[in-house]
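# Structural features, examined
Spelled out, the chains give:
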Amino acid sequence: MKYIKWMILFILIVVVVIFGRSDEDKIISGTVRADFIESSNNTCLMDLIENPKFNEVLPETLASYCSCTSNRVADQLTNSEVTEISKRGSLSEEMRERFIVVTEPCREILLGL
């Protein structure tokens, strides 16, 4: 009987942990994700176009790079982080470091690999 009580308690804890997460802790989705990707894409593209270092890079390549980075960041971004970015107007240093690692494969697009 004691074993069954512990199993029930364990199952309840697992259910609370899995289903009890607030929306703030969940990865962005739906319109929040779409809006983030669109905004991130536009900002990225404008930054690259204005940077003389990328004058020789085709616009399609820049667009592919920005799409890659925006989607890879969106795959990792929680609702609370979107709120934080909106309030700060920028990424925190911790987020910036995390997203540099996440977007590493996208750099190959700019390098033509």
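Residues numbered from 1 in each chain as written. Predicted model: local features only at pLDDT ≥ 70, side-chain atom pairs only at ≥ 80, totals over all residues. Heavy atoms only, no water.

## Examining the pattern of salt bridges
Inspection of every chain in the model, using the stated rule, returns five salt bridges. Notably, a salt bridge pairs Arg33 with Asp75, separated by 2.9 Å at the nearest N-O pair. Taken as a pair, Arg33 in helix 2 (residues 30-50) and Asp75 in the loop between helix 3 (59-74) and helix 4 (79-88) lie far apart in primary sequence, 42 residues in all. On the basis of relative accessible area, Asp75 is assigned to the partly exposed category, the value being 43%. Across the salt bridge formed by Glu94 and Arg98, the nearest N and O atoms sit 3.6 Å from each other. Of this pair, Glu94 and Arg98 both sit in helix 5 (residues 93-102), four residues apart, which is roughly one turn of that helix. According to the relative accessible area criterion, Glu94 is partly exposed, its value standing at 47%. Judged by its relative accessible area of 25%, Arg98 is partly exposed. (Salt bridge = Lys/Arg side-chain N within 4 Å of Asp/Glu carboxyl O. Helix = DSSP H or I, 4+ residues; strand = E, 2+ residues; numbered from the N terminus. Buried < 20%, exposed > 50% of the residue type's maximum accessible area, 1.4 Å probe, protein only.)

## Some remarks on the confidence of the model for the protein chain
Of the residues in the protein chain, 80% have a pLDDT of 70 or more, and the chain-wide mean is 82. Per-element mean pLDDT across the protein chain ranges from 39 in helix 1 (residues 2-19) up to 96 in helix 3. Within the model, pLDDT remains below 50 along residues 1-21, and this stretch shows three contacts once partners closer than five positions in the same chain are excluded. (pLDDT = per-residue confidence, 0-100. Contact = heavy atoms within 4.5 Å.)

## Observations regarding the environment of Thr78
Along the chain, the position of Thr78 falls in the loop between helix 3 and helix 4. We classify Thr78 as buried; its relative accessible area is 14%. Separated by 49 residues in the primary sequence, Thr78 and Ser29 have C-alpha atoms spaced 9.0 Å apart. What Thr78 contacts, discounting residues up to four positions off in sequence, is Glu24, Asp25, Lys26, Ile27 and Ile28.

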